[in-house]
Each structure stands twice: as structure tokens, then as C-alpha cells.
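# Report on the structure
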Amino acid sequence: MNSVGPSPEITELVGQVADLMLADLDELVAEMDAAEIELTPLMGADAALTAEMSASNRANAARLLHMFARREGRVALDVPPEALDVARTVARRGVELDVIFQSYRRGQNIAWRRYMTHAARVAAPGPVLQQVLEMSSQLMFEYVDHVIGRVIAEAQREREEVLGGALARRTETIRLILDGAPIDSRRASERLGYELARRHTAVVLWAPPPGEVQGALESAATILAQAIGARRPITLPAGTSTLWAWLGTDSNPAIDGLRDAIGKVENGIRAAVGPTRPGIAGFRRSHAAAVAMQRLLAVHPNGARLAFYHDLEVTELAAHNLDRAAEFVATTLGPLAEDSASAARMRDTLRVFLDEAENAPRAAARLHTHRNTVLQRVARATELLGYQAAERRLAVELALELAHQIGPRVLHRGESPLTRK
């Protein structure tokens, strides 16, 4: 590259490529996410980690491409806060720091392949295309190298801080329990300051990123614990906007008290509540159920603020493969699987109607509407289904519940009898 810098022509072409890349940013981020999950399956098994990883990928890609799009011929070497957030979380989870390096290289390779494809469309083959690629690769690799250095340094700093105190002991002990390692219950209780011989109700609390909301999540855990008569909960940060908590009680708690308590929690915070189970094995199993629920519910940002495993166990089992779940919802509900307000009203009415044993007055009371409105919507829903719900009651109820709990991830957009005039 010429020492006096790139020509305006080359800078303009680089900007045009960046504009094309930004138009496909969602696809780029999805491909980067998938590649990193393939490298480290843990990143896809935990909703908090997945969200932070994806936010980091989006922030890095958008920052670099926007700098290209400004046609300035240079990039600013600063690091998005989302990239530092996920680095800290990786360190807290005990993931090897080499995963950060490998993930960035995978993401860089994906972005570069897409970039070259777009560059070949806007620049003529030969010296011009070569100059575009030389300039872009130099700036992209310089940016990525700088970010890698910063995030690994931040992860290392976080790990040293965690390993140095009480949080480290708590993290290590909880990790051993969750991994099913042989550990003495009495000794673990002493290290945690939490009696493992009791009954445990695990809760995963989370809030929409970005933002450091651990204080609000800790406060929420305390409010929920008080609501069921539990002693001080034991908690563990699971990301910048996710908290794992365990509520210990001497007997099975009246967990319905959590329904009122969630209203006292800071707005935006959601909670997935696992089943109450005894002992150290119960500590682990209740948590696994709560994490599985959070993974299910996190894909629907407008879902319920509070969810219990005993209400969603079947739904969670049916949604292990979201692509298969979406196909099941589509084939079972037909036009009712449309992602629209009118379809949602009919799905919700039919779901409550079936839940109330097809009693229209009771369904109307739950839906705060008139009995005749319920019957009209049920009739229209049945018409769109093409069959009576009773003919496939189990399948219909499950599909309606999946649509209700997961929302857009298992619904489809497009013209349907609901939108067609």
C-alpha cells in the first residue's frame, strides 16, 4: 500500500463493501455465533453466555464496518463494552482463555470471507480489487488483533480477581457440585455458608442486556427468598445480566408466593424457577431445570416475567430442538402459527378455552372479555385449523403452549388467511 495512504477511489470502494456487509449484519452475526458455538458448545448451552457472545460479535462487526463505511481510510482502536463483558463472563465460568482467541479468529475468518465476496462485486478484477483487499485486510486484522489483546487482558484480570477471594471459593464449590464431582456435603456447606442438607429451589434471574445489573438481580433474589420464607439465598453471577440463585428451606415452600413477589422486583428482571429438590443432588437438579427454562424463555423477550418448571416441563422437553418445534407448530396450527397480533389473540383464546375444559364463561373471565367473543374467536380458530381441536387435542394444546411461551422463534411471517383481504 502506498505510504501516503489509500486513494479516495479505494476508500470509497471499501465503504461500499462495508455498506453491503452492514445490510447483511444479522446473517453475519448468526454465522459467527454458530461457528463459535461449534467451537465451544458451552457458549450455546447457556442462554446468558449465548446472548453475551452474540452481543459481542454484533458490536465488533458493526463498529469495524461503520468505520469502513465512513470512508476515512482508518479505524479507531477502541473496544466495545460488549466484548469486555463476555470476556469477564468467560473468566468467571472457568472457560480456558484460549477459547477467546480461537473464537475471534473464527469470527474474523467468516467476516473476511463475506467481505471478499462483496468486494468482488463492487471492484473490478485486477489492481483495484487487490488494493481494496489490501487496505481492508490491514485495517481489519489490526482492529481484531488489538481487540483480542484487550479482551484477553480483561479476562485475565477478572480471573485473578475472582481467584483471589470469597467469590472464588464460592464459584469453585458450586462448580464442583454442578459438575457432579464427589464432594462432602458438610464441607461444601461450610465453604458456601449455606446449608446443603435443606431443600433447594433454584432460580435463574436475568435482565435484557446491555448493562451491569448484578445489584438489582441480587436484590431480586433476596425479595424472592423472603416471599417463600427462605433464608438468605446463595447467589453466583452468571454473566453481566444473569444471576444464579438458590433458595434454601426446611420444607417444601409455597412457591406461589413468588407470583406476588415478582411485582416488587425491578421492572425488566425475569425469573425461571426450578423444582424444589432435597440435598446436594437437589441443589444440582433444580438448577439444571431452571437453566433449561431460561434457555427456552430467553428467546422470547416479551414473555412472562416469572416461570415455574412444573408449568413448563412438557414445553421445555418439546422445545429442545427449536427448529423442530417451529415445524411442529406450523404443521399443527397452520395459519394460526402466523406471527401477528390477530393470530396471537385467537391462539390465546383457544389455549385458555381448552385449558378451561371448553367452558366459555370461565375462559371469558380469564381473558377479561365477553363469552360471545370467546366463542367467535374459537370458531374462527377452528376454521383456520381445518379440524376440531378435540381431534388432536394433545398436539394442539402443546403447539399453542409453545407459541405462547416462546413466541416469534416458533412462529412464521408471511401472507395468510388472517392478513389476506
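Here the structure is a predicted model, which means the values were calculated and not measured. (Residues numbered from 1 in each chain as written. Predicted model: local features only at pLDDT ≥ 70, side-chain atom pairs only at ≥ 80, totals over all residues. Heavy atoms only, no water.)

## Quick notes on the overall build of the chain
Check the secondary structure of the chain and you find 18 helices and six strands. On the principal axes, the C-alpha backbone points of the chain span a range of 75 × 65 × 35 Å. Evaluated residue by residue, the chain yields a buried proportion of 50% over its 421 residues. For the chain, the computed accessible surface area is about 19800 Å², with 51% contributed by carbon and sulfur atoms. Here the chain carries 49 positive and 52 negative side-chain charges, and the mean point of each set is 5 Å from the other. (Helix = DSSP H or I, 4+ residues; strand = E, 2+ residues; numbered from the N terminus. Buried < 20%, exposed > 50% of the residue type's maximum accessible area, 1.4 Å probe, protein only. Areas by Shrake-Rupley, 256 points an atom, 1.4 Å probe, with all protein chains shown as cover. Lys, Arg positive; Asp, Glu negative; His and termini not counted. Charge placed at Lys NZ, Arg CZ, Asp CG, Glu CD.)

## A look at the packing of aromatic side chains
Tallied over the entire structure, the rule returns five aromatic pairs. A ring pair is formed by Y194 and F283, whose centres lie 6.1 Å apart and whose planes are at 65 degrees; its orientation type is edge-to-face. Of the two residues, Y194 sits in the loop between α9 (185–192) and β1 (199–206) while F283 sits in helix α12 (residues 279–297), which places them 89 residues apart along the sequence. You'll find Y194 and F283 in the same group, each marked buried. Judged by centre distance (4.3 Å) and plane angle (5 degrees), the ring pair of W246 and F283 falls under stacked. Taken as a pair, W246 in strand β3 (residues 242–249) and F283 in helix α12 lie far apart in primary sequence, 37 residues in all. Under the relative-accessibility criterion, F283 is labelled buried at 0%. Clustering of aromatic rings is evident, with ring pairs tying together F68, W112, Y115 and F141. Across from the ring centre of Y194, 5.0 Å away, lies the NZ or CZ of R198, which sits over that ring. (Phe/Tyr/Trp six-rings, centres within 6.5 Å; stacked < 30°, edge-to-face > 60°. Lys NZ or Arg CZ within 6 Å of the ring centre and 35° of its normal.)

## What about the UniProt feature "domain: PucR C-terminal helix-turn-helix" (unreviewed entry) in the chain?
Feature annotation in UniProt assigns "domain: PucR C-terminal helix-turn-helix" (unreviewed entry) to the following positions: residues 347–401. Across residues 347–401, helical content stands at 75% and strand content at 0%; the span's end C-alpha atoms are separated by 9 Å. (UniProt positions renumbered as here; feature names shortened; annotations may be inferred.)

## Focus on the pairing of strand β2 (residues 234–239)
Of all six residues making up β2, five are buried, and the element is well covered by its neighbours. Relative to β3, β2 runs antiparallel, the two being bridged by five bridges. Within the sheet, the bridge partner assigned to P237 lies in β3 and is L243. Once β2 ends, the chain turns through two residues before running back antiparallel as β3. (Pairing = 2+ DSSP bridges.)

## Points about the domain arrangement of the chain
Here the chain is partitioned into domain 1 (8–162), domain 2 (195–315) and domain 3 (321–406). Taken residue by residue, the interface counts seven residues in domain 2 and seven residues in domain 3. Summed over both partners, the interface of domain 2 with domain 3 comes to about 640 Å²; 70% of that surface belongs to carbon and sulfur atoms. By the criterion of area lost to domain 3, the three top residues of domain 2 are V299, H300 and T315, representing 55% of everything that side buries. Joining domain 2 to domain 3, the criterion identifies zero residue pairs in polar contact (both at pLDDT 80 or more). At the level of secondary structure, the elements contributing two or more residues to the side of domain 2 that touches domain 3 comprise α12 and α13 (309–318). (Domains from an automatic or database assignment. Contact = heavy atoms within 4.5 Å. Buried area = accessible area lost by both parts, 1.4 Å probe. Polar contact = N/O pair within 3.5 Å; in protein donor to acceptor, adjacent residues only side chain to side chain.)

## Points about the packing of helix α15 (residues 341–355) against helix α17 (residues 371–385)
For the pair α15 and α17, the least separation of the axes is 9 Å and the interaxial angle reads 105 degrees. Put simply, α15 runs roughly perpendicular to α17. Across the interface between the two elements, R345, M346, T349, L350 and F353 of α15 pack against V374, L375, R377, V378, R380, A381, L384 and L385 of α17. (Axes fitted to C-alpha atoms, helices over the stretch in contact; angles between N-to-C directions. Parallel < 35°, antiparallel > 145°, perpendicular 65-115°, else oblique.)

## Remarks on the nonpolar core
Counting 57 residues, the largest nonpolar core has W246, F283, L333 and L350 as its most contacted members. Formed jointly, this core draws a minimum of three residues from each of two domains, domain 2 (195–315) and domain 3 (321–406). Among all residues touching F283, those that are not within four sequence positions of it are I174, I177, L178, Y194, L196, H200, I234 and W246. L13, V14, L49 and V99 belong to the second largest nonpolar core, which has 50 residues in total. (Core = buried A, V, L, I, M, F, W, Y, C linked by side-chain atoms within 4.5 Å.)

## What to know about empty space enclosed by the protein
As enumerated under the stated definition, the model contains three cavities of 30 Å³ or more in all. Computed from the structure, the largest cavity encloses a volume of approximately 370 Å³. Surrounding the largest cavity, 27 residues form its lining, M32, E36, N57, N60 and Y104 being those nearest its centre. Those elements that provide at least two residues to the lining of the largest cavity are α2 (25–39), α4 (47–69), α5 (81–92), α6 (98–122) and α7 (127–163). Residue composition of the lining of the largest cavity, by class: 20 nonpolar, six polar and one charged. Taken as a whole, the second largest cavity holds about 60 Å³ of empty space. Looking at the second largest cavity, the residues that line it are R92, R93, L167, T171, R175, L236, P237 and W244. When contributions to the lining of the second largest cavity are tallied by element, the ones reaching two or more residues are α8 (166–178) and β2. Looking at the lining of the second largest cavity element by element, the count peaks at three residues for α8. (1 Å grid on protein atoms, 1.4 Å probe; cavity = no way out; pocket = protein on both sides within 12 Å on 5 of 7 lines; lining within 4 Å. Points joined across faces, edges and corners; volume = space filled by probe spheres on them. Nonpolar A, V, L, I, M, F, W, Y, C, P; charged D, E, K, R; others polar.)

## Digging into unusual backbone geometry
Comment: phi is negative for the bulk of residues other than glycine, and the bulk of peptide bonds are trans. The phi angle at E358 is positive, at roughly 60 degrees, despite the residue not being glycine. Take E358: it is sitting in the loop between α15 and α16 (360–367). Note on E358: relative accessible area 39%, which makes it partly exposed. Of note in the backbone geometry, H368 takes a positive phi value of approximately 55 degrees without being a glycine. As for its position among the elements, H368 is in the loop between α16 and α17.

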